[in-house]
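Coordinate analysis (summary)
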Amino acid sequence: MTHRTDARTTSQDPADAVARRRDRFGTLPERIRPQDTVETKPATVPDPARDTYNPDEWLIRYCG
């Protein structure tokens, strides 16, 4: 793992820190409507061959 060891060149002035903090966190991000957070897709048509119940299938799988 690599760590950065060079000295940082940030100002120690509290007024600068307040100004930088206000620039970064002074406003809220753009609001996202709940309607925009949901994606809808049409349901697929059920496949009758796939969902057909076969009463003897367990015999074929486990005993055959």
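Here's a quick rundown of the structure. (Residues numbered from 1 in each chain as written. Predicted model: local features only at pLDDT ≥ 70, side-chain atom pairs only at ≥ 80, totals over all residues. Heavy atoms only, no water.)

**Here's the deal with the pattern of salt bridges**
This is how it is decided: Counted as salt bridges are all cases of a side-chain nitrogen of Lys or Arg within 4 Å of a carboxyl oxygen of Asp or Glu.
Scanning the model with the defined rule gives one salt bridge in all. Measuring nitrogen to oxygen at the nearest pair gives 3.1 Å for the salt bridge that ties R33 to D36.

**Things to note about a nonpolar patch on the surface**
What counts here: The patches described consist of residues with a relative accessible area above 30% and no salt bridge, like charges being joined within 9 Å and nonpolar side chains (Val, Leu, Ile, Met, Phe, Trp, Tyr) within 5 Å. Computed with a 1.4 Å probe, the accessible areas rest on the Shrake-Rupley method; for each residue, only the protein chains presented here act as cover. Helix and strand definitions here come from DSSP, where helices need a minimum of 4 consecutive H or I residues and strands a minimum of 2 consecutive E residues; each element is numbered from the N-terminal end. Relative accessibility thresholds used throughout: buried, under 20% of the residue-type maximum; exposed, over 50%; partly exposed, between the two (1.4 Å probe, protein chains only).
There is a patch of nonpolar side chains on the surface, built from W58, L59, I60 and Y62 and spanning about 510 Å² of accessible area. Among the structural elements, Y62 can be located in helix α2 (residues 57-62). Y62 sits in the exposed class, given a relative accessible area of 67%.

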